[in-house]
Amino acid sequence: MFTMASEEIPLALKNAVLLARIIDELHEANEKLELLVNLNRKLLDAQKGSLQKTDSKRKPSQDFKLAPDVVALLSLPMSLRKTVMVLYKLEKATAKDIANETKRLRAVESASANQLVRLGYLKKKREGRDVYFYIQPQPEIKE
Amino acid sequence: MSTKTISIHSSRGGTGKSVIATNLAVILANRGSKVALLDLDFRAPSLAMAFSEAIKIPVKCWLNDFLNSKCTAEQIFTDVSGKYNLKGKLLIGLANPAMDAMRDVMEKSRSWEVTAVKKLFSLISTINDMHVDYCISDTSPGMQYSSINAIVSSDISLIVTTLDSLDLKGTEDMLTELYDALDKKVEVLVNKSSPETRIKSNKKNGKLADKLEKILKHPIIGVIPCYCDVLQTERTTILALEKPNHPFIQDLVKIAEKLTVTT
(Lines give C-alpha, C1' and ligand atoms only; values in the text may rest on other atoms or scores of the structure.)
Protein backbone atom coordinates (compact mmCIF):
# COMPACT_ATOMS: atom_id res chain seq x y z
CA MET A 1 0.00 0.00 0.00
CA PHE A 2 2.78 2.42 1.04
CA THR A 3 4.71 1.61 -2.09
CA MET A 4 1.68 2.29 -4.23
CA ALA A 5 0.98 5.64 -2.46
CA SER A 6 4.61 6.72 -2.80
CA GLU A 7 4.48 5.88 -6.48
CA GLU A 8 1.18 7.81 -7.00
CA ILE A 9 2.40 11.10 -5.44
CA PRO A 10 5.40 11.61 -7.71
CA LEU A 11 3.19 10.85 -10.73
CA ALA A 12 0.65 13.48 -9.68
CA LEU A 13 3.48 15.89 -9.05
CA LYS A 14 4.98 15.08 -12.40
CA ASN A 15 1.60 15.77 -14.05
CA ALA A 16 1.21 19.05 -12.18
CA VAL A 17 4.69 20.14 -13.23
CA LEU A 18 3.94 19.11 -16.79
CA LEU A 19 0.66 21.01 -16.75
CA ALA A 20 2.34 24.10 -15.36
CA ARG A 21 4.97 23.90 -18.07
CA ILE A 22 2.29 23.53 -20.76
CA ILE A 23 0.45 26.56 -19.40
CA ASP A 24 3.69 28.56 -19.35
CA GLU A 25 4.43 27.56 -22.92
CA LEU A 26 0.90 28.43 -23.95
CA HIS A 27 1.35 31.88 -22.39
CA GLU A 28 4.61 32.26 -24.22
CA ALA A 29 3.01 31.16 -27.50
CA ASN A 30 0.14 33.54 -26.86
CA GLU A 31 2.55 36.44 -26.32
CA LYS A 32 4.39 35.53 -29.51
CA LEU A 33 1.10 35.31 -31.40
CA GLU A 34 0.10 38.71 -30.04
CA LEU A 35 3.43 40.08 -31.18
CA LEU A 36 2.87 38.59 -34.65
CA VAL A 37 -0.67 39.99 -34.80
CA ASN A 38 0.67 43.44 -33.87
CA LEU A 39 3.42 43.19 -36.45
CA ASN A 40 0.93 42.09 -39.09
CA ARG A 41 -1.36 44.99 -38.22
CA LYS A 42 1.53 47.42 -38.58
CA LEU A 43 2.46 45.85 -41.93
CA LEU A 44 -1.14 46.15 -43.18
CA ASP A 45 -1.32 49.80 -42.08
CA ALA A 46 1.94 50.51 -43.88
CA GLN A 47 0.66 48.76 -47.03
CA LYS A 48 -2.62 50.68 -46.92
CA GLY A 49 -0.74 53.98 -46.67
CA SER A 50 1.45 53.12 -49.61
CA LEU A 51 -1.57 52.09 -51.72
CA GLN A 52 -3.30 55.37 -50.92
CA LYS A 53 -0.19 57.26 -52.03
CA THR A 54 -0.07 55.33 -55.34
CA ASP A 55 -3.77 55.97 -55.92
CA SER A 56 -3.36 59.68 -55.38
CA LYS A 57 -0.62 59.61 -58.01
CA ARG A 58 -2.96 57.89 -60.46
CA LYS A 59 -5.96 60.13 -59.89
CA PRO A 60 -5.74 63.93 -59.92
CA SER A 61 -6.29 65.33 -56.44
CA GLN A 62 -9.34 67.42 -55.63
CA ASP A 63 -7.32 70.63 -55.89
CA PHE A 64 -5.91 69.84 -59.33
CA LYS A 65 -8.44 70.77 -61.96
CA LEU A 66 -7.73 70.59 -65.69
CA ALA A 67 -9.25 73.08 -68.05
CA PRO A 68 -10.44 71.05 -71.05
CA ASP A 69 -9.88 73.99 -73.42
CA VAL A 70 -9.31 73.52 -77.16
CA VAL A 71 -5.52 73.60 -76.81
CA ALA A 72 -5.55 70.90 -74.12
CA LEU A 73 -7.84 68.99 -76.47
CA LEU A 74 -5.02 68.67 -78.99
CA SER A 75 -2.90 66.74 -76.49
CA LEU A 76 -5.59 64.07 -76.04
CA PRO A 77 -5.91 60.93 -78.18
CA MET A 78 -8.45 61.26 -81.01
CA SER A 79 -10.96 58.92 -79.35
CA LEU A 80 -11.11 61.10 -76.23
CA ARG A 81 -11.00 64.36 -78.20
CA LYS A 82 -14.27 63.53 -79.94
CA THR A 83 -16.02 62.93 -76.64
CA VAL A 84 -14.93 66.30 -75.20
CA MET A 85 -15.95 68.10 -78.41
CA VAL A 86 -19.45 66.65 -78.13
CA LEU A 87 -19.65 67.80 -74.50
CA TYR A 88 -18.78 71.37 -75.53
CA LYS A 89 -21.96 71.20 -77.56
CA LEU A 90 -24.26 69.16 -75.31
CA GLU A 91 -23.03 70.55 -71.95
CA LYS A 92 -24.29 67.48 -70.05
CA ALA A 93 -24.84 64.08 -71.63
CA THR A 94 -25.08 60.35 -71.03
CA ALA A 95 -22.80 57.94 -72.89
CA LYS A 96 -25.79 57.19 -75.14
CA ASP A 97 -26.27 60.92 -75.97
CA ILE A 98 -22.57 61.22 -76.81
CA ALA A 99 -22.72 58.07 -78.95
CA ASN A 100 -25.65 59.56 -80.92
CA GLU A 101 -23.44 62.50 -81.86
CA THR A 102 -20.19 60.66 -82.57
CA LYS A 103 -21.91 57.66 -84.23
CA ARG A 104 -19.74 55.37 -82.14
CA LEU A 105 -20.88 52.61 -79.80
CA ARG A 106 -22.34 53.58 -76.43
CA ALA A 107 -19.80 51.32 -74.70
CA VAL A 108 -16.95 53.12 -76.47
CA GLU A 109 -18.27 56.49 -75.35
CA SER A 110 -18.80 55.24 -71.82
CA ALA A 111 -15.18 54.05 -71.68
CA SER A 112 -13.88 57.32 -73.18
CA ALA A 113 -15.95 59.51 -70.86
CA ASN A 114 -14.91 57.51 -67.78
CA GLN A 115 -11.27 57.76 -68.81
CA LEU A 116 -11.69 61.53 -69.15
CA VAL A 117 -13.21 61.59 -65.65
CA ARG A 118 -10.17 59.71 -64.31
CA LEU A 119 -7.88 62.17 -66.11
CA GLY A 120 -9.72 65.07 -64.47
CA TYR A 121 -11.14 66.58 -67.69
CA LEU A 122 -14.76 65.66 -67.01
CA LYS A 123 -17.07 65.17 -64.05
CA LYS A 124 -19.91 62.71 -63.78
CA LYS A 125 -23.06 62.48 -61.72
CA ARG A 126 -25.85 59.97 -61.37
CA GLU A 127 -29.44 61.13 -61.88
CA GLY A 128 -31.79 58.19 -61.28
CA ARG A 129 -30.62 55.39 -63.52
CA ASP A 130 -28.62 57.66 -65.83
CA VAL A 131 -25.01 58.75 -65.46
CA TYR A 132 -24.32 62.19 -66.90
CA PHE A 133 -20.90 63.46 -67.99
CA TYR A 134 -20.13 67.17 -68.09
CA ILE A 135 -17.32 69.69 -68.22
CA GLN A 136 -16.80 71.08 -64.74
CA PRO A 137 -17.53 74.82 -64.67
CA GLN A 138 -14.46 76.51 -63.27
CA PRO A 139 -14.03 79.78 -61.45
CA GLU A 140 -12.55 82.59 -63.53
CA ILE A 141 -8.89 82.90 -62.51
CA LYS A 142 -6.65 85.25 -64.45
CA GLU A 143 -3.37 83.53 -65.36
CA MET B 1 -32.44 72.15 -92.59
CA SER B 2 -29.82 73.00 -89.99
CA THR B 3 -27.38 75.91 -90.27
CA LYS B 4 -24.13 75.16 -92.11
CA THR B 5 -21.26 76.75 -90.24
CA ILE B 6 -18.17 77.77 -92.19
CA SER B 7 -15.08 79.26 -90.53
CA ILE B 8 -12.59 81.26 -92.60
CA HIS B 9 -9.07 80.79 -91.31
CA SER B 10 -5.43 81.24 -92.37
CA SER B 11 -2.00 80.48 -90.98
CA ARG B 12 -0.81 84.08 -91.26
CA GLY B 13 -2.39 87.52 -91.55
CA GLY B 14 -2.92 89.39 -94.81
CA THR B 15 -4.24 86.51 -96.91
CA GLY B 16 -7.57 88.25 -97.57
CA LYS B 17 -9.59 86.25 -95.05
CA SER B 18 -11.88 89.07 -93.92
CA VAL B 19 -12.54 90.34 -97.46
CA ILE B 20 -13.40 86.79 -98.52
CA ALA B 21 -15.64 86.21 -95.47
CA THR B 22 -17.51 89.49 -96.05
CA ASN B 23 -18.03 88.94 -99.77
CA LEU B 24 -18.97 85.26 -99.40
CA ALA B 25 -21.63 86.26 -96.84
CA VAL B 26 -23.00 88.96 -99.15
CA ILE B 27 -22.96 86.61 -102.19
CA LEU B 28 -24.92 83.93 -100.28
CA ALA B 29 -27.38 86.47 -98.85
CA ASN B 30 -27.91 87.96 -102.31
CA ARG B 31 -28.77 84.51 -103.61
CA GLY B 32 -31.72 84.56 -101.22
CA SER B 33 -30.21 82.69 -98.27
CA LYS B 34 -30.34 83.75 -94.64
CA VAL B 35 -26.75 84.31 -93.56
CA ALA B 36 -25.06 85.15 -90.25
CA LEU B 37 -21.57 86.65 -90.40
CA LEU B 38 -19.54 86.56 -87.18
CA ASP B 39 -16.32 88.42 -86.49
CA LEU B 40 -14.37 86.01 -84.28
CA ASP B 41 -11.06 87.81 -84.84
CA PHE B 42 -11.07 89.43 -81.40
CA ARG B 43 -7.41 90.49 -81.63
CA ALA B 44 -7.81 92.43 -84.86
CA PRO B 45 -11.51 92.89 -85.65
CA SER B 46 -12.19 94.28 -89.12
CA LEU B 47 -15.84 93.65 -89.91
CA ALA B 48 -16.98 96.69 -87.87
CA MET B 49 -15.05 98.80 -90.36
CA ALA B 50 -16.37 96.87 -93.40
CA PHE B 51 -19.98 97.39 -92.31
CA SER B 52 -19.52 100.84 -90.77
CA GLU B 53 -21.92 102.38 -93.30
CA ALA B 54 -24.70 99.98 -92.32
CA ILE B 55 -24.41 100.01 -88.55
CA LYS B 56 -24.13 102.51 -85.76
CA ILE B 57 -20.86 102.23 -83.82
CA PRO B 58 -20.69 101.43 -80.97
CA VAL B 59 -23.23 98.67 -81.36
CA LYS B 60 -25.38 97.79 -78.36
CA CYS B 61 -23.96 94.34 -77.95
CA TRP B 62 -20.66 93.02 -79.27
CA LEU B 63 -19.73 89.36 -79.59
CA ASN B 64 -17.29 90.04 -76.73
CA ASP B 65 -20.26 90.96 -74.52
CA PHE B 66 -22.04 87.73 -75.40
CA LEU B 67 -18.97 85.64 -74.53
CA ASN B 68 -18.70 87.56 -71.25
CA SER B 69 -22.38 86.72 -70.56
CA LYS B 70 -23.39 90.39 -70.68
CA CYS B 71 -26.06 89.92 -73.34
CA THR B 72 -28.04 87.22 -75.12
CA ALA B 73 -27.13 85.61 -78.45
CA GLU B 74 -30.02 87.31 -80.25
CA GLN B 75 -28.86 90.75 -79.10
CA ILE B 76 -25.53 90.63 -80.94
CA PHE B 77 -27.06 90.59 -84.41
CA THR B 78 -27.66 93.57 -86.65
CA ASP B 79 -29.70 92.97 -89.78
CA VAL B 80 -28.02 94.82 -92.65
CA SER B 81 -30.12 93.25 -95.45
CA GLY B 82 -32.30 96.35 -95.86
CA LYS B 83 -29.36 98.72 -96.07
CA TYR B 84 -27.79 96.70 -98.90
CA ASN B 85 -31.07 95.74 -100.53
CA LEU B 86 -30.22 92.04 -100.45
CA LYS B 87 -32.52 89.30 -101.76
CA GLY B 88 -32.02 87.24 -98.62
CA LYS B 89 -31.01 88.17 -95.07
CA LEU B 90 -27.61 89.15 -93.71
CA LEU B 91 -27.18 89.31 -89.94
CA ILE B 92 -23.84 90.43 -88.60
CA GLY B 93 -22.29 89.86 -85.17
CA LEU B 94 -19.28 92.07 -84.59
CA ALA B 95 -16.21 91.90 -82.37
CA ASN B 96 -15.41 95.06 -80.45
CA PRO B 97 -12.55 96.90 -82.20
CA ALA B 98 -11.73 99.09 -79.16
CA MET B 99 -8.21 98.64 -77.70
CA ASP B 100 -9.58 97.87 -74.22
CA ALA B 101 -11.73 95.08 -75.61
CA MET B 102 -8.80 93.56 -77.51
CA ARG B 103 -6.62 93.76 -74.38
CA ASP B 104 -9.38 92.14 -72.34
CA VAL B 105 -9.52 89.15 -74.72
CA MET B 106 -5.73 88.77 -74.60
CA GLU B 107 -5.84 88.56 -70.79
CA LYS B 108 -8.41 85.79 -70.67
CA SER B 109 -7.60 82.57 -68.85
CA ARG B 110 -7.88 78.99 -70.08
CA SER B 111 -10.97 78.52 -67.93
CA TRP B 112 -12.63 81.42 -69.75
CA GLU B 113 -11.75 79.81 -73.09
CA VAL B 114 -13.61 76.66 -72.01
CA THR B 115 -16.66 78.81 -71.30
CA ALA B 116 -16.11 80.65 -74.60
CA VAL B 117 -16.19 77.51 -76.72
CA LYS B 118 -19.35 76.35 -74.95
CA LYS B 119 -20.93 79.79 -75.51
CA LEU B 120 -19.98 79.57 -79.18
CA PHE B 121 -21.81 76.26 -79.49
CA SER B 122 -24.86 77.79 -77.78
CA LEU B 123 -24.66 80.75 -80.21
CA ILE B 124 -24.69 78.36 -83.16
CA SER B 125 -27.67 76.59 -81.63
CA THR B 126 -29.49 79.97 -81.42
CA ILE B 127 -28.51 80.76 -85.03
CA ASN B 128 -29.98 77.40 -86.00
CA ASP B 129 -33.21 78.26 -84.16
CA MET B 130 -33.30 81.54 -86.13
CA HIS B 131 -33.45 79.41 -89.33
CA VAL B 132 -30.17 80.78 -90.65
CA ASP B 133 -28.92 78.83 -93.68
CA TYR B 134 -25.22 79.69 -93.44
CA CYS B 135 -23.08 81.01 -90.61
CA ILE B 136 -19.70 82.36 -91.70
CA SER B 137 -17.02 83.14 -89.09
CA ASP B 138 -14.03 85.33 -89.77
CA THR B 139 -11.28 84.11 -87.40
CA SER B 140 -7.86 85.19 -86.14
CA PRO B 141 -4.92 83.84 -88.15
CA GLY B 142 -2.80 80.99 -86.75
CA MET B 143 -3.31 78.95 -83.61
CA GLN B 144 -5.26 81.40 -81.44
CA TYR B 145 -7.85 80.28 -78.93
CA SER B 146 -10.63 82.19 -80.72
CA SER B 147 -9.78 80.63 -84.09
CA ILE B 148 -9.50 77.07 -82.73
CA ASN B 149 -12.79 77.60 -80.87
CA ALA B 150 -14.35 78.66 -84.19
CA ILE B 151 -12.91 75.65 -86.03
CA VAL B 152 -14.12 73.22 -83.36
CA SER B 153 -17.64 74.61 -83.62
CA SER B 154 -17.77 74.72 -87.46
CA ASP B 155 -18.96 72.15 -89.97
CA ILE B 156 -16.25 73.10 -92.44
CA SER B 157 -13.26 75.44 -92.51
CA LEU B 158 -11.89 77.36 -95.42
CA ILE B 159 -8.17 78.04 -95.09
CA VAL B 160 -7.08 81.00 -97.16
CA THR B 161 -3.44 80.92 -98.20
CA THR B 162 -1.23 82.83 -100.57
CA LEU B 163 1.61 81.17 -102.51
CA ASP B 164 4.18 82.66 -100.14
CA SER B 165 6.40 79.80 -98.94
CA LEU B 166 5.99 80.71 -95.26
CA ASP B 167 2.24 80.88 -95.67
CA LEU B 168 2.14 77.52 -97.43
CA LYS B 169 4.35 75.91 -94.79
CA GLY B 170 2.12 77.34 -92.06
CA THR B 171 -0.96 76.02 -93.84
CA GLU B 172 0.62 72.57 -94.22
CA ASP B 173 1.51 72.48 -90.52
CA MET B 174 -1.92 73.67 -89.46
CA LEU B 175 -3.62 71.06 -91.59
CA THR B 176 -1.64 68.31 -89.90
CA GLU B 177 -1.38 69.64 -86.35
CA LEU B 178 -4.83 71.15 -86.06
CA TYR B 179 -7.36 70.11 -88.68
CA ASP B 180 -6.36 66.44 -88.95
CA ALA B 181 -6.00 66.28 -85.18
CA LEU B 182 -9.55 67.58 -84.74
CA ASP B 183 -10.81 65.47 -87.64
CA LYS B 184 -12.36 68.56 -89.24
CA LYS B 185 -13.56 69.00 -92.80
CA VAL B 186 -11.40 71.59 -94.55
CA GLU B 187 -10.92 73.18 -97.97
CA VAL B 188 -7.95 75.30 -99.00
CA LEU B 189 -8.41 78.47 -101.03
CA VAL B 190 -5.37 80.00 -102.71
CA ASN B 191 -5.71 83.77 -102.86
CA LYS B 192 -3.48 86.46 -104.38
CA SER B 193 -1.96 83.90 -106.72
CA SER B 194 0.46 85.05 -109.41
CA PRO B 195 -1.33 87.42 -111.88
CA GLU B 196 -0.25 85.27 -114.80
CA THR B 197 -2.75 82.59 -113.73
CA ARG B 198 -5.41 85.20 -114.49
CA ILE B 199 -4.18 85.75 -118.04
CA LYS B 200 -3.66 82.07 -118.85
CA SER B 201 -6.51 79.64 -119.12
CA ASN B 202 -8.12 77.84 -116.20
CA LYS B 203 -5.90 74.85 -116.99
CA LYS B 204 -2.99 76.63 -115.35
CA ASN B 205 -5.00 77.08 -112.13
CA GLY B 206 -6.04 73.45 -112.35
CA LYS B 207 -2.43 72.29 -112.55
CA LEU B 208 -1.47 74.52 -109.64
CA ALA B 209 -4.37 73.19 -107.59
CA ASP B 210 -3.37 69.58 -108.36
CA LYS B 211 0.21 70.26 -107.34
CA LEU B 212 -0.86 71.94 -104.11
CA GLU B 213 -3.32 69.18 -103.29
CA LYS B 214 -0.45 66.70 -103.47
CA ILE B 215 1.68 68.83 -101.15
CA LEU B 216 -1.04 69.76 -98.67
CA LYS B 217 -2.92 66.43 -98.92
CA HIS B 218 -6.22 68.34 -98.71
CA PRO B 219 -8.65 69.58 -101.38
CA ILE B 220 -8.07 72.96 -103.03
CA ILE B 221 -11.43 74.62 -103.54
CA GLY B 222 -10.06 77.31 -105.86
CA VAL B 223 -7.20 79.53 -106.93
CA ILE B 224 -7.92 83.28 -107.08
CA PRO B 225 -5.37 85.46 -108.82
CA CYS B 226 -4.09 88.67 -107.31
CA TYR B 227 -6.12 91.70 -108.40
CA CYS B 228 -4.37 94.98 -107.68
CA ASP B 229 -7.64 96.93 -107.64
CA VAL B 230 -9.04 94.60 -104.98
CA LEU B 231 -5.97 95.25 -102.82
CA GLN B 232 -6.45 98.98 -103.28
CA THR B 233 -10.16 98.93 -102.45
CA GLU B 234 -11.26 100.70 -99.27
CA ARG B 235 -12.26 98.40 -96.40
CA THR B 236 -15.70 100.00 -96.36
CA THR B 237 -16.29 98.91 -99.96
CA ILE B 238 -18.03 95.56 -100.33
CA LEU B 239 -17.12 94.46 -103.84
CA ALA B 240 -19.90 91.86 -104.11
CA LEU B 241 -22.33 94.78 -103.86
CA GLU B 242 -20.52 97.47 -105.77
CA LYS B 243 -18.83 95.40 -108.51
CA PRO B 244 -20.66 92.06 -108.66
CA ASN B 245 -19.18 91.32 -112.09
CA HIS B 246 -15.60 91.80 -110.97
CA PRO B 247 -13.57 88.59 -111.71
CA PHE B 248 -12.62 88.38 -108.01
CA ILE B 249 -16.32 88.25 -107.08
CA GLN B 250 -17.06 85.83 -109.93
CA ASP B 251 -14.34 83.55 -108.54
CA LEU B 252 -15.93 83.83 -105.10
CA VAL B 253 -19.37 83.01 -106.52
CA LYS B 254 -17.91 79.69 -107.75
CA ILE B 255 -16.30 79.10 -104.33
CA ALA B 256 -19.64 79.83 -102.63
CA GLU B 257 -21.38 77.29 -104.86
CA LYS B 258 -18.76 74.63 -104.12
CA LEU B 259 -18.90 75.37 -100.39
CA THR B 260 -22.66 75.07 -100.20
CA VAL B 261 -22.46 71.72 -101.99
CA THR B 262 -19.58 70.47 -99.80
CA THR B 263 -21.25 71.40 -96.51
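Whatever comes next refers back to the structure up there.
Conventions and cut-offs
- Residues numbered from 1 in each chain as written.
- Chains lettered and ligands numbered in written order.
- Predicted model: local features only at pLDDT ≥ 70, side-chain atom pairs only at ≥ 80, totals over all residues.
- Heavy atoms only, no water.
- Pairing = 2+ DSSP bridges.
- Helix = DSSP H or I, 4+ residues; strand = E, 2+ residues; numbered from the N terminus.
- Contact = heavy atoms within 4.5 Å.
- Axes fitted to C-alpha atoms, helices over the stretch in contact; angles between N-to-C directions.
- Buried < 20%, exposed > 50% of the residue type's maximum accessible area, 1.4 Å probe, protein only.
- Buried area = accessible area lost by both parts, 1.4 Å probe.
- Salt bridge = Lys/Arg side-chain N within 4 Å of Asp/Glu carboxyl O.

1. Side note on the sheet that holds strand β3 (residues 130–134) of chain A
Residue and element names in this part refer to chain A.
- Taken in spatial order, the three strands line up as β1-β3-β2 in an open sheet, and their pairing is antiparallel. Among the strands making up the open sheet, the edge pair consists of β1 (92–93) and β2 (123–127).
- Pairing between β1 and β3: two bridges, direction antiparallel. Paired with Ala 93 across the bridge in β3 is Phe 133.
- Running over the sheet, helix α4 (residues 95–102) touches β1 and β3 and is turned about 60° from β3.

2. Concerning the pairing of strand β2 (residues 34–40) of chain B
Residues and elements named next belong to chain B.
- The element β2 is extensively covered by neighbouring structure, given that six of its seven residues are classed as buried.
- As paired elements, β2 and strand β4 (residues 89–93) share five bridges and run parallel to each other. Note on β4: the bridge partner recorded for Val 35 is Leu 90.
- Here β2 pairs with strand β5 (residues 134–139) via six bridges, running parallel. Each bridged residue has a counterpart across the sheet, and for Asp 39 the counterpart in β5 is Asp 138.

3. Digging into the interface of chain B and chain A
- The interface of chain B with chain A comprises 23 residues on the first partner and 22 residues on the second.
- Contact between chain B and chain A buries roughly 2,000 Å² in total, counting both sides, with carbon and sulfur atoms accounting for 64%.
- Linking chain B with chain A are two salt bridges.
- The partner of Asp183(B) in a salt bridge is Lys82(A), with the nearest N and O atoms 3.2 Å apart.

From the geometry alone we can't say anything about function, so treat these as descriptive.
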